[in-house]
Amino acid sequence: MASIKQFQVTFDCAEPERVARFWCEVLGYVVPPPPDGFATWGDFDHSLPTERQGAAFVCMDPSGAGPRLFFQRVPEGKVVKNRVHLDVRVGTGLVGEERLAALEAECARLVALGAVHVQTLRADGVNESCIPMQDIEGNEFCLD
C-alpha cells in the first residue's frame with residue numbers, strides 16, 4: 001500500500017508576497033516565521049542576490065493540516081485557463097438557499113480583498129451551487 005505524501009501547491013505569479021498574503025486572508029493561513037538568524041522575511045529577502053529578492057513567498061495552514069502554498073515569481077503573465085485550481089470549501093454540508101447565501105457572503109468578502117467574481121452557478125438538480133472566481137492575478141478558483 002502506498003504511503004500518503006505531503007504536498008504543497010505552487011502558484012506562478014508576478015508578485016509572490018502580494019498573492020500569498022491574499023491567500024492567507026482567503027484560507028486563514030499564516031506566513032511562517034523567517035529562517036533562523038533573521039528577524040523578518042524582509043531581512044532574509046535582502047540577504048539574497050538582487051535577482052532573487054522578492055522571487056518567492058510561502059504561507060501555511062496554522063494547524064498544519066492543509067498543504068503549504070508556495071508562490072514563485074515568473075516572467076510571463078497568465079495566458080490560459082488553469083489546469084488545476086483550488087476549491088475553497090465554504091458550503092460543505094449546506095444545500096439550497098442556505099448554501100448559496102454562504103457562498104455569496106464569502107464571495108463578497110473576497111471581492112473586497114481584490115478577487116473577481118466570474119459567475120454564480122446555481123444548483124441544477126445534479127450539482128450544488130458554486131461560484132467560480134479569480135484571485136488578484138487572475139488564477140481561477142471556486143467557492144464550493
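Residues numbered from 1 in each chain as written. Predicted model: local features only at pLDDT ≥ 70, side-chain atom pairs only at ≥ 80, totals over all residues. Heavy atoms only, no water.

Peer 1: Give a description of the sheet that holds strand 7 (residues 140-143) that names residues and reports values.
Peer 2: With mixed pairing, four strands are arranged side by side in an open sheet as 4-7-6-5. Pairing within the sheet leaves two strands with one partner each, and these edge strands are strand 4 (86-88) and strand 5 (116-117). Pairing analysis gives two bridges linking strand 5 to strand 6 (residues 131-134), with the strands arranged antiparallel. Bridge pairing links H117 to M133 in strand 6. Helix-sheet contacts for helix 3 (residues 96-112) involve strand 5, strand 6 and strand 7, and the interaxial angle to strand 6 is about 10 degrees. (Pairing = 2+ DSSP bridges. Helix = DSSP H or I, 4+ residues; strand = E, 2+ residues; numbered from the N terminus. Contact = heavy atoms within 4.5 Å. Axes fitted to C-alpha atoms, helices over the stretch in contact; angles between N-to-C directions.)

Peer 1: Give a detailed account of the confidence of the model for the chain, specifying residues and quantitative values.
Peer 2: Detailed reading of the predicted coordinates is not advisable wherever pLDDT falls low. When the pLDDT values of the chain are averaged, the result is 91; 98% of them are 70 or greater. Looking across the chain, the model is least confident in strand 1 (residues 8-13), with a mean pLDDT of 91, and most confident in strand 5, with 98. (pLDDT = per-residue confidence, 0-100.)

Peer 1: Now, about the nonpolar core: what can you tell me, with residues and values included?
Peer 2: Core analysis: the largest hydrophobic core is formed by 24 residues, its most contacted members being W23, L69, F71, L110, M133, F141 and L143. Among the elements that line this core, the one with the most residues is helix 1 (residues 16-27), at six residues. If near-sequence neighbours (up to four positions away) are discounted, M133 is found in contact with C107, L110, V111, A115, V116, H117, V118, N139, E140, F141 and L143. (Core = buried A, V, L, I, M, F, W, Y, C linked by side-chain atoms within 4.5 Å. Buried < 20%, exposed > 50% of the residue type's maximum accessible area, 1.4 Å probe, protein only.)

Peer 1: If you had to explain the packing of aromatic side chains to someone new, which residues and values would you point to?
Peer 2: In this description, an aromatic ring pair is defined by two values, namely the gap between the centres and the angle between the planes. Overall, the coordinates contain seven aromatic pairs when judged by the stated rule. Judged by centre distance (4.9 Å) and plane angle (70 degrees), the ring pair of W23 and F141 falls under edge-to-face. Note that W23 is positioned in helix 1 and F141 in strand 7, a separation of 118 residues in sequence. Since its relative accessible area comes to 0%, W23 is described here as buried. (Phe/Tyr/Trp six-rings, centres within 6.5 Å; stacked < 30°, edge-to-face > 60°.)

Peer 1: Can you lay out the layout of surface pockets for me, pointing to particular residues and giving the numbers?
Peer 2: What the largest pocket holds in volume is close to 500 Å³. Lining the largest pocket are 24 residues, and of these F11, D12, K78, N82 and N139 lie nearest its centre. Elements with a minimum of two residues in the lining of the largest pocket: strand 1 and strand 7. Here the lining of the largest pocket takes five residues from strand 1, the largest share from any one element. Of the residues belonging to the lining of the largest pocket, the class tally is 12 nonpolar, five polar and seven charged. Volume-wise, the second largest pocket comes out at about 350 Å³. Around the second largest pocket, the lining comprises 16 residues; the ones closest to its centre are W41, F44, D45, A56 and F57. Counting residues per element, the ones that place at least two in the lining of the second largest pocket are helix 1, helix 2 (41-46) and strand 2 (56-59). (1 Å grid on protein atoms, 1.4 Å probe; cavity = no way out; pocket = protein on both sides within 12 Å on 5 of 7 lines; lining within 4 Å. Points joined across faces, edges and corners; volume = space filled by probe spheres on them. Nonpolar A, V, L, I, M, F, W, Y, C, P; charged D, E, K, R; others polar.)

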